[in-house]
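Read off the chains here:
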Amino acid sequence: TELYAKGTLFVEGIIVMQAVEFSIDFDTNDNPVNTLALGFAGITPGAGTTAVSITSAVPRTGFEISYHKWAKERKAIEVLGYRGASSISVKGFIKTVGEKIGVDGVTGTITIQGGEPEV
């Protein structure tokens, strides 16, 4: 058996206490190079991008972080995620802020688009 670590998330240095889950997906955006003689010959490096998705509980008082305001201002932000002893940092912009309202409460989904992460 193994003891598994939980994740912790910070946005602009603020711990996201209401986060339920988050994902950080890096895409190299590399382009394949195919030739007549070799078939797949390799890749041309692309401009790497990272998509961050945060699912958060939303208390009665609203989001704990000013996601809507920062999205409208096109504010550049930094997201720092910890998983166990390692971390990953992404700088980018809020792309979407959504809310789902249901019988069991309100959840929010925030997506952030950024460049290559620092690991």
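Reading the values: rules and limits
- Residues numbered from 1 in each chain as written.
- Predicted model: local features only at pLDDT ≥ 70, side-chain atom pairs only at ≥ 80, totals over all residues.
- Heavy atoms only, no water.
- Phe/Tyr/Trp six-rings, centres within 6.5 Å; stacked < 30°, edge-to-face > 60°.
- Helix = DSSP H or I, 4+ residues; strand = E, 2+ residues; numbered from the N terminus.
- Buried < 20%, exposed > 50% of the residue type's maximum accessible area, 1.4 Å probe, protein only.
- Core = buried A, V, L, I, M, F, W, Y, C linked by side-chain atoms within 4.5 Å.
- Contact = heavy atoms within 4.5 Å.

> Hey, could you run me through the packing of aromatic side chains in this one?
Given two aromatic rings, one states the distance between the centres and the angle between the planes to describe the pair. With the rule as written, the count across this model stands at two aromatic pairs. Ring centres of Phe10 and Tyr82 lie 6.1 Å apart, and the angle between their planes is 80°; this geometry places the pair in the edge-to-face category. Note that Phe10 is positioned in strand S1 (residues 7-11) and Tyr82 in strand S7 (residues 76-83), a separation of 72 residues in sequence. Its relative accessible area of 32% is what places Tyr82 among the partly exposed residues.

> Whenever I open this one, the nonpolar core confuses me. Can you help?
For soluble globular proteins, nonpolar side chains are generally found buried alongside one another. Within the largest apolar cluster, 17 residues are counted, with the highest numbers of intra-cluster contacts made by Val11, Ile54, Tyr67, Ile94 and Ile112. At the level of secondary structure, the elements contributing two or more residues to this core comprise S1, strand S6 (49-57), helix H1 (67-73), S7, strand S8 (86-102) and strand S9 (105-114). In terms of residue count, the dominant contributor to this core is H1 (three residues). Excluding its chain neighbours within four sequence positions, the residues that come into contact with Ile112 are Thr50, Ala51, Val52, Ile54, Ile77, Val79, Gly92, Phe93, Ile94 and Lys95.

> Help me out: how do you make sense of the environment of Ser53 in this one?
Checked against the element boundaries, Ser53 lands in strand S6. Judged by relative accessible area, Ser53 falls into the partly exposed class, the value being 24%. In sequence terms Ser53 and Ile24 are 29 residues apart; their C-alpha atoms lie 6.6 Å from each other. Apart from residues lying up to four places away in sequence, Ser53 is in contact with Glu21, Phe22, Ser23, Thr109, Ile110 and Thr111.

Keep in mind that these numbers describe shape and distance, not what the molecule does.
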